[in-house]
Structures are given as C-alpha cells and as structure tokens.
2 protein chains.
Amino acid sequence: MAIKDVLKAHDVKPTIVRIKIYDYLITNKNHPTADKLYKSLIDEIPTLSRTSVYNTMELFTRKNLVQTLTIEEKETRFDADTSCHGHFKCTECTEVFDFQVDISDIKHGLPADFMIIERHLYYKGLCSNCRQTTLPS
Amino acid sequence: MAIKDVLKAHDVKPTIVRIKIYDYLITNKNHPTADKLYKSLIDEIPTLSRTSVYNTMELFTRKNLVQTLTIEEKETRFDADTSCHGHFKCTECTEVFDFQVDISDIKHGLPADFMIIERHLYYKGLCSNCRQTTLPS
DNA sequence: GTATCTGCAAAACATTTGCAATTCT
DNA sequence: AGAATTGCAAATGTTTTGCAGATAC
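Residues numbered from 1 in each chain as written. Chains lettered and ligands numbered in written order. Predicted model: local features only at pLDDT ≥ 70, side-chain atom pairs only at ≥ 80, totals over all residues. Heavy atoms only, no water.

Draft legend 1. Representation of the nonpolar core within the structure. Counting 26 residues, the largest nonpolar core has Phe88(A), Ile106(A), Leu121(A), Phe88(B), Ile106(B) and Leu121(B) as the members making the most contacts within it. Broken down by secondary-structure element, the contributors of at least two residues to this core are β3 (86–90) and β5 (115–126) of chain A together with β3 (86–90) and β5 (115–126) of chain B. (Core = buried A, V, L, I, M, F, W, Y, C linked by side-chain atoms within 4.5 Å. Buried < 20%, exposed > 50% of the residue type's maximum accessible area, 1.4 Å probe, protein only. Helix = DSSP H or I, 4+ residues; strand = E, 2+ residues; numbered from the N terminus.)

The following block contains the structure:
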C-alpha cells in the first residue's frame, strides 16, 4: 500500500511533509527524536520547520500511526510500529532496539477495575557491540 | 533504622536537605517530580532551592536510594522503592500507582549477548476512581 | 474562497551549569 | 582552614503557542 493510502486509511490528509516523515519512519526504523527527524529531512524539504515535525508527530500519535516512546527524560522518540513490543536502549551507543515480547498477559497486582490502555516495557543495558567494546575482559 | 543511617548505609552524607527529601519520599509514596518535592518542602526548609533538589535526586539515583521514573516526557518522577515493580499512570488524575509484577523472567526476543541492566514496565489507563467518573455508563 | 497546513519568532518549562556563599568537621 | 554542600542567576535544550503566510480542494 502506498504511503499516502496508509495515511488516508488513518484519516490523515497526505501532504508532502507528512508523507516524507512517515516514509522516513518506516524506512529507517531507528526511533528518531523530533530533532533527528528535522535534521534528517531538512535537506529534502528545505522549508521544513521543527514546529511542523512536532505538529505532525502529535497528529500521527493521535491517529495511531506511530507510538511515542518515553525511555529517557528529555528525548521523546517515535516508532511507526504500533504493535505491542519491547524496547531496549543501549546506554553506551544510545541506539534503541525493538524486541518481540508478549506482555499482554503478564500477571500483575493491579486491581481488576483499573482500565489498562497502554503497556510499555523497556530495558536499558549494553548491546552486543558495546558490551564487547566497553568490557573487553 | 533511622533515615540518617539509611543514607549512611548508601554512602550518602546525611544533611538536612537530604534527610527531609528522603523522609518525604518514604512517607508519601507518591512518585513526586522535582518540582513537587521542591514545593512540598519549601515551607519546612525556606532556603531550599530547586538546584538542591536536582542535585540530591541525582545523588540518590547514583547511590541507588531511589529509582528514576520516565513515564511521561517532561516529567521525571522519583520512587524510593528500588525493587522491581511496575507503575501504572492514570491519564485522568495523573496519579502513579505501584503494582507488583515479576518481569525478571519474561521471555523476550533479544539476542543473548545483550546485557540487560534495568527493566521498566509501565501501564497507562484509568484508575478505579476515574474510570467511574469519566465513563459513567 | 474557505479551511487546513506550515513556519517563524517568541514563550514556556524542566533541567543544568558556573560560581559564590554557607556549612561542617 | 579545607572540603563538601547549597543556592542564586543565567544558560540550555526541548516543546508549545500565536499568528501570518502559503497551500489545497
């Protein structure tokens, strides 16, 4: 399905800015911050503003086209994969990796009448690469 | 054990500011932000500054006296319970609840050579109260 | 031509930094 | 006195806001 049709299917009008941003997200599954999106796209869209990136991501989140990741304070990241999965952030290279996990049926101690809408699981640690580099023992 | 001894046990010199902050955290298990801590303690310690709150929380985190919660962008919260447990944030009343959960042995799809150092699980939704209030059906 | 989208500049906020004043031993 | 702690004021960095100009149907 073409990108513009994905946007339309989520009730989002396909504009240049939105198509390019969504394209970036699904092409580079790298959980970018707003600033990273801006810097990555400014060459392609020289008139792009940070405001538009924020506007777009707010819209995408509302329309469920992306999910918003809050792993580290001061950096909101976006993920075009809205399915339920975990995130691993390497504290050394700062890369964020997706991982598959089923957290929908974890036994938890919450009262039964709490309504759970979103579930987030993230780990922090060292990825394979950085583990070897920083702990050369 | 007296608070000052808890601090000493974690290699933290017990000063008035530090004792009051730690006292607040274990007395009100309400996952306060830095600003909430500041506002809650300014009456008791009229010379208190936000800087000291930040300094203290950074020290406490480093010395493993508290854990830092990042659930929502733009609000870092602190929890004096450093054991492994989940957090539920009610999006209506903004309250954060602890819940008991065992996530140490969740089956995940990460490569075996990733070194996991921290695990965080949080849910968002509506607590019992707000569920009744906002969905009166 | 009207509604929506975009972008600039300024504002808002949380957090950090540099440095001076204070406190503790 | 000397080292650590504290607090002020200014700086930083991210996100938001108001509004004007551009774009689309």
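Draft legend 2. Region of the structure containing the protein's contact with DNA strand C. Within the structure, DNA strand C sits among 14 residues, and Thr15(A), Thr47(A), Ser49(A), Ser52(A) and Tyr54(B) are positioned closest to it. Per the 4 Å cut-off to the protein, sugar and phosphate atoms form 72% of the nearby atoms of DNA strand C. Interatomic distance of 2.5 Å between a backbone N/O atom of Thr47(A) and a phosphate oxygen of DNA strand C. A distance of 3.3 Å is found between a phosphate oxygen of DNA strand C and a backbone nitrogen or oxygen belonging to Leu48(A). Counting residues per element, the ones that place at least two in the surface near DNA strand C are α2 (16–27) and α4 (50–62) of chain A together with α4 (50–62) of chain B. Among the elements that take part in the surface near DNA strand C, α4(A) stands out by supplying three residues, more than any other. Residue classes in the surface near DNA strand C are distributed as four nonpolar, eight polar and two charged. (Near = heavy atom within 4 Å. Polar contact = N/O pair within 3.5 Å; in protein donor to acceptor, adjacent residues only side chain to side chain. Nonpolar A, V, L, I, M, F, W, Y, C, P; charged D, E, K, R; others polar.)

Draft legend 3. Main features of the side chain of Thr56(A). Residue and element names in this part refer to chain A. Note that Thr 56 resides in helix α4. Here Ser 52 takes part through its backbone oxygen, which lies 2.7 Å from a polar atom of the side chain of Thr 56. Dropping the residues within four chain positions of it, Thr 56 is found in contact with Val 17, Arg 18 and Ile 21. (Contact = heavy atoms within 4.5 Å.)

Draft legend 4. Main features of the pairing of β3(A). Residues and elements named next belong to chain A. Burial within β3 is extensive, with five of its five residues counted as buried. Burial along β3 is two-sided: the residues Gly 86, Phe 88 and Cys 90 and His 87 and Lys 89 are all buried. As defined by bridge partners, β3 adjoins strand β4 (residues 96–99) across four bridges and the pair is classed as antiparallel. The residue bridging Lys 89 from the neighbouring strand is Val 96, located in β4. Between β3 and β4, which pair antiparallel in sequence order, lie five residues; one of them, Thr 94, sits at a positive phi of approximately 65 degrees. Bridging between β3 and β5 involves four bridges; their strand directions are parallel. Considered in β5, the bridge of Lys 89 is made with Lys 124. (Pairing = 2+ DSSP bridges.)

Draft legend 5. Here's a closer look at the environment of His31(A). Residues and elements named next belong to chain A. Along the polypeptide, His 31 turns up in the loop between α2 and α3 (34–41). Judged by relative accessible area, His 31 falls into the buried class, the value being 2%. Through-space distance from the C-alpha of His 31 to that of Ile 106 is 25 Å; in sequence the pair is 75 residues apart. Filtering out sequence-adjacent residues up to four positions away, His 31 remains in contact with Leu 69, Arg 77, Phe 78, Asp 79, His 87, Val 96, Phe 97 and Asp 98. A polar side-chain atom of His 31 sits 3.4 Å from a polar atom in the side chain of Asp 79. Within the local environment of His 31, its side chain forms a polar contact with the backbone oxygen of Val 96, the two atoms lying 3.3 Å apart.

Draft legend 6. Region of interest: the packing of α2(A) against α4(A). Residue and element names in this part refer to chain A. Relative orientation of the contacting elements α2 and α4 amounts to 70 degrees, with a least axis distance of 10 Å. With respect to α4, the axis of α2 lies roughly perpendicular. Judged by residue contacts, Val 17, Arg 18, Ile 21, Tyr 22 and Leu 25 of α2 engage Ser 52, Val 53, Thr 56, Met 57, Leu 59 and Phe 60 from α4. Here the residues of the contact of α2 with α4 are counted per class, giving eight nonpolar, two polar and one charged. (Axes fitted to C-alpha atoms, helices over the stretch in contact; angles between N-to-C directions. Parallel < 35°, antiparallel > 145°, perpendicular 65-115°, else oblique.)

Draft legend 7. Local environment of α3(A). Residues and elements named next belong to chain A. Among all positions of α3, only Ala 34, Leu 37, Tyr 38 and Leu 41 are buried. Buried residues in α3, looked at end-on, bunch into an arc of 100 degrees, giving them a common side. Those residues of α3 that are buried lie in contact with α2, α4 and β2 (75–79). (Arc of directions from axis to C-beta.)

Draft legend 8. Seen up close, the packing of aromatic side chains. A complete count under the given rule lists 11 aromatic pairs over all chains for this structure. For the pair Tyr122(A) and Tyr122(B), a centre-to-centre distance of 6.2 Å together with 75 degrees between the ring planes defines the contact as edge-to-face. One end of the pair, Tyr122(A), is in strand β5; the other, Tyr122(B), is in strand β5, on a second chain. The class for Tyr122(A) is buried, based on a relative accessible area of 4%. Following the ring pairs from residue to residue traces out a cluster consisting of Phe88(A), Phe97(A) and Phe114(B). Taking NZ or CZ as reference, Arg119(A) lies 5.4 Å from the ring centre of Tyr123(B), over its face. (Phe/Tyr/Trp six-rings, centres within 6.5 Å; stacked < 30°, edge-to-face > 60°. Lys NZ or Arg CZ within 6 Å of the ring centre and 35° of its normal.)

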